[in-house]
Amino acid sequence: MSLAVPAQVLLVLVVATVCFAVGGINPATIVGRRRGIEVSSVGSGNPGATNLGRVIGRKWGIVVGLLDVLKGFVPTFVVLRTLGTWVALVAGAACVLGHIYSPYLGGRGGKGVATSLGAMLAVVPWVALAALLVFVVCLPFVRRLGDASVVATTFLLGAGVVLVVRATTMVDRGVGVWLALVALLVLARHRRNIRIWAGRLAG
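So, how was this worked out
- Residues numbered from 1 in each chain as written.
- Predicted model: local features only at pLDDT ≥ 70, side-chain atom pairs only at ≥ 80, totals over all residues.
- Heavy atoms only, no water.
- Salt bridge = Lys/Arg side-chain N within 4 Å of Asp/Glu carboxyl O.
- Helix = DSSP H or I, 4+ residues; strand = E, 2+ residues; numbered from the N terminus.
- Buried < 20%, exposed > 50% of the residue type's maximum accessible area, 1.4 Å probe, protein only.
- Core = buried A, V, L, I, M, F, W, Y, C linked by side-chain atoms within 4.5 Å.
- Contact = heavy atoms within 4.5 Å.
- Axes fitted to C-alpha atoms, helices over the stretch in contact; angles between N-to-C directions.
- Parallel < 35°, antiparallel > 145°, perpendicular 65-115°, else oblique.
- Nonpolar A, V, L, I, M, F, W, Y, C, P; charged D, E, K, R; others polar.

Trainee: Help me out: how do you make sense of the pattern of salt bridges in this one?
Mentor: Note that side chains of opposite charge can pair when their charged atoms are close. Enumeration according to the criterion identifies 2 salt bridges in this entry. When the shortest N-O distance is used, the salt bridge between Arg 33 and Glu 38 registers 3.1 Å. Of the charged contacts in the structure, one is a salt bridge between Lys 71 and Asp 68, with a shortest N-O distance of 3.5 Å. Taken together, the residues span about one helical turn, with Lys 71 and Asp 68 both in helix H4 (residues 58–83) at a distance of 3 residues. Classification of Lys 71 by relative accessible area gives buried; the value is 9%. A relative accessible area of 3% means that Asp 68 is categorised as buried.

The following block contains the structure:
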């Protein structure tokens, strides 16, 4: 028997709240504090895997990056398998928003790259893996993780637009819109990298 509309709305709100709370857990801050470092006060000040890796070592940066991927992937995948695609899109977006605007850090957080990747791996794995490949190929040329992230996220934005245009079902169209919106959110968090690129091109 299908849920009544108010019950469905309540369910989505509960899922969004739980996923936002999970996404808000910040491994970079936790690891940094255990090492006696406040990651938001050193390096770039960003409480994310890249900054932590620069401060205490690449190994810890990789560990934190994987944890950020998992906190996007696991909740989204579980919701996808139990409640369907539409609710999974809400779950994935909530995980990313929680990471970027962590309730445990006063609304501050990371840039959302790894957590977005995790959510996308759950919903559109081949698109996410293609973006990861773009990141890996670009990194030796741009030499900065942030710049490679911008290129890969721009690819995701384009993939979302293509999916919307070519969609034959409402679900596919919804996934495309979700993909594009999450990519735009992550790109907005990389404004500084984009401005630097624009300055180089203008120069």
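Trainee: Mind showing me how you'd approach the nonpolar core here?
Mentor: Nonpolar side chains in soluble globular proteins tend to be buried together. In this structure, Met 120, Val 123, Val 124, Leu 156, Trp 178 and Leu 179 are the most contacted members of the largest nonpolar core, which totals 18 residues. Those elements giving two or more residues to this core turn out to be helix H5 (85–100), helix H6 (113–123), helix H7 (125–142), helix H8 (145–166) and helix H9 (170–189). Take this core: its biggest share by element is 5 residues, from H9. Setting aside anything within four residues of it in sequence, one finds Leu 179 in contact with Met 120, Val 124, Val 127, Leu 156, Ala 159 and Gly 160.

Trainee: Honestly, the packing of H6 against H7 in this entry has me stumped. Any pointers?
Mentor: Each pair of packed helices can be summarised by the angle the axes make with each other and by the distance between the axes. Relative to each other, H6 and H7 sit at 140°, their axes nearing to 6 Å. In terms of axis orientation, H6 runs oblique to H7. Residues Leu 117, Met 120, Leu 121, Ala 122 and Val 123 of H6 form the contact with H7, whose participating residues are Pro 125, Ala 128, Leu 129 and Leu 132. In the contact of H6 with H7, the residues fall into 9 nonpolar, no polar and no charged.

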